[in-house]
Amino acid sequence: MTKEQSRSVQLNLRSYAKINLSLDVTGVRDDGYHLLETVMQQVSLYDDIGIRWEPDSCGELKITVTNSKPYLPVDSRNLAYKAALVMAEQAESLIGKRPRGVLKIHIEKRIPVAAGLGGGSGNAAAMVIGLNRLWEMKIDTPGLCAIGTLLGADVPFCILTQNSRYTCALGTGIGEVLTPVKPGMKKHIVLAKPAFGVSTKEVFREIDRFPSSERPDTQELIKGLKQGDMDRVYPNMINILENYTLKCYPEVQTLKDRMSAAGDAEKVLMSGSGPTVMAIYNNYGSARRACLEIRRHGYEAYWAHTGKEIRGERNDKL
Ligand code: ATP
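Not measured: the values here are computed from a predicted model. (Residues numbered from 1 in each chain as written. Predicted model: local features only at pLDDT ≥ 70, side-chain atom pairs only at ≥ 80, totals over all residues. Heavy atoms only, no water.)

A. Expanded view of the pairing of strand 6 (residues 177-180). As paired strands, strand 5 (residues 168-172) and strand 6 are joined by four bridges and run antiparallel to one another. Its bridge partner lying in strand 6, L170 is registered against T179. Linking strand 5 back to strand 6 in an antiparallel pair, the connection comprises four residues, with G173 at a positive phi of about 70 degrees. (Pairing = 2+ DSSP bridges. Helix = DSSP H or I, 4+ residues; strand = E, 2+ residues; numbered from the N terminus.)

B. Here's a closer look at helix 3 (residues 141-148). Listing the buried residues of helix 3 in full gives T141, L144, C145, I147 and G148. Along helix 3, the residues classed as buried sweep out an arc of 155 degrees about the axis, all on the same side. Taken together, the buried residues of helix 3 touch helix 1 (79-95), helix 2 (119-134) and helix 4 (155-162). Its side-chain oxygen 2.9 Å from the backbone nitrogen of G143, D140 forms the N-cap of helix 3. (Buried < 20%, exposed > 50% of the residue type's maximum accessible area, 1.4 Å probe, protein only. Arc of directions from axis to C-beta. Contact = heavy atoms within 4.5 Å. Polar contact = N/O pair within 3.5 Å; in protein donor to acceptor, adjacent residues only side chain to side chain.)

C. View of the state of the cysteines. Summed over the entire model, instances satisfying the criterion amount to zero disulfides. Looking at C145, it has no disulfide partner, and the nearest cysteine sulfur is the one in C158, 9.8 Å off. (Disulfide = S-S within 2.5 Å.)

D. Up close: unusual backbone geometry. With an omega dihedral of -5 degrees, the bond running from K182 to P183 counts as a cis peptide bond. Position of P183 relative to the elements: it lies in the loop between strand 6 and strand 7 (188-193). In the segment running from G274 into P275, the intervening peptide bond is cis, with an omega of 5 degrees. Position of P275 among the secondary structure elements: in the loop between strand 8 (267-270) and strand 9 (277-281). Positive phi outside glycine occurs at A114, with the angle close to 50 degrees.

Set out below in structure tokens:
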């Protein structure tokens, strides 16, 4: 073993899912991207990201990705791989040297894919945070969030919440201009999805043809979160993307109805562009019971809570 190989380092990170407590479209940018006003909340469902760095000053940068889902790409189409490339470029421009060596990324996937839960964005965020540490780049959280915009609109939120104590933020612009909301929501939740994904691109391409009669009062929602006043929060938990996804994918409407009927949910809403539907509960027992009931209907479902700390047993293998 060479001296450099003996300096290889391993970092294990958690990459959390997010939900949208509200989502409103406020306009369209010249490049076609929709302008959003969305309150995003981190939830405790997470992927494990293992990063192993074996420096080798004689070699090039070599990246390998392995993951627990055979259908996910392991090349430069994988968001974690992309994030590593972006961080290598940043390192080169910051310290004048491209990192050389072997970077091994392993993703243990639990967050459902193409589900409106920001799973890929969270993986990219974990890589940005991890490589900032491993390559000793010393970039602060706002700087990392700025790098995150190169990788996707949801990546800055995932960086902010994975690299600070914040769990909730208002996203404007295309979702990347963040204003932290403190405290965020403190509730138990169930996340459930039908057996298909929905493309975020497709939903935004079509949403203008499905105008919404009901829109959230985002400021009222934020005030409610700050004061812990759910009477101000729940009526403003509106996701205008439901207008497209629920109409074009009736199975998502059926799931929403089943989740409303399954227990004593305080609110049921689709997250992001769907098809994941979330239900909010006051306590762990209610969330767990409702989750098991939804699974009996054949859906992929998880109970979790808002925020980072892990509480209760892991439920992804049940
Ligand atoms: P968002 O809510 O940010 O729009 P999403 O939850 O709807 O995201 P993702 O799970 O991030 O969607 O997956 C979107 C696409 O990205 C999928 O088609 C998937 O193949 C691709 N992808 C690339 N890398 C990853 C990754 N590491 N994890 C999940 N999906 C990935």
